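# A closer look at the structure
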Amino acid sequence: MEGDIFGEIGNTTQVDSRLLQVFQKSLLQAQDILNQNRLLINEINQNHESKMPDNLNRNVGLIRELNSNIRRVVDLYADLSSSFTKSREASSEGDSSGTLKSDGKVNQKRIRSG
């Protein structure tokens, strides 16, 4: 599915390879955090099932870490969405195109004809 999204982008506008690299980096960061969350959830479930006081106390910290990770993923997706929207808006303007800087911000470039 990711290939379809990037394929569609490539067909409708000229997308800077740096833009795709930023998107890929953000998506990989989100996936790493989600994988970590899966492990946290498994550990939380095991601790809960054990009903041992030490394990239940440990769950407090694990749940806090899980919540923090969820916020990080939400922030990554929000930044990714904003960057994508800005780059699409910039590239759809008549005589200029937008490129994404490594910090995720759009840089306007004027295209000269001739």
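Conventions adopted
Counting from 1, residues in each chain are numbered in the order their sequence is written. Selection of residues for local features in this predicted model requires a pLDDT of at least 70, selection of side-chain atom pairs for listing and counting requires 80 or more, and totals for whole chains, interfaces and linings are taken over all residues. Side-chain measures were taken over the full set of non-hydrogen atoms in the model, leaving aside hydrogen atoms and water. Secondary structure elements are defined from DSSP: runs of H or I of at least 4 residues count as helices, runs of E of at least 2 residues count as strands, and each element is numbered from the N terminus. Polar contact is defined as a pair of N or O atoms within 3.5 Å, subject to the rule that within protein one atom must be able to donate a hydrogen and the other to accept it, and that residues adjacent in sequence are counted only when both atoms are side-chain atoms. For this analysis, residues touch if any pair of their heavy atoms sits within 4.5 Å. Any helix carries an expected span of 1.5 Å times its number of residues minus one. For the exposure calls, accessible area comes from a 1.4 Å probe over protein chains only, and a residue counts as buried if that area is under 20% of its type's maximum, exposed if over 50%, partly exposed in between. Where helices are involved, their axes are fitted lines through C-alpha atoms of the stretch in contact, as for all axes, and angles between N-to-C directions lie from 0 to 180°. Put simply, angles under 35 degrees are roughly parallel, angles over 145 are roughly antiparallel, angles from 65 to 115 are roughly perpendicular, and the rest are oblique. Handedness of a crossing is defined here by the sense of rotation of the near helix relative to the far one, left-handed for an anticlockwise turn of less than a right angle and right-handed for a clockwise turn. Note on residue classes: Ala, Val, Leu, Ile, Met, Phe, Trp, Tyr, Cys and Pro are nonpolar, Asp, Glu, Lys and Arg are charged, and everything else, Gly too, is polar.

## A short note on the side chain of N37
- Locating N37 in the fold gives a position in helix 2 (residues 17-50).
- A distance of 2.8 Å separates a polar atom in the side chain of N37 from a polar atom in the side chain of N69.
- Apart from residues no more than four positions distant in its own chain, N37 is found in contact with L66, N69 and I70.

## Things to note about helix 2
- An ideal rise of 1.5 Å per residue puts 50 Å on 34 residues; helix 2 measures up with 50 Å between its terminal C-alpha atoms.
- For helix 2, the full list of buried residues reads L19, V22, F23, S26, A30, I33, N37, L40, I44 and N47.
- Phi for K51, located one or two positions after helix 2, is positive at around 55 degrees.

## Quick word on the packing of helix 2 against helix 3 (residues 53-92)
- Direction vectors running N to C along helix 2 and helix 3 enclose 160 degrees, while the axes themselves pass 9 Å from each other. Judged by the angle between their axes, helix 2 and helix 3 are roughly antiparallel. Taken as a pair, helix 2 and helix 3 cross one another with a handedness that is left-handed.
- The residue inventory of the contact of helix 2 with helix 3, partitioned by class, reads 19 nonpolar, twelve polar and four charged.

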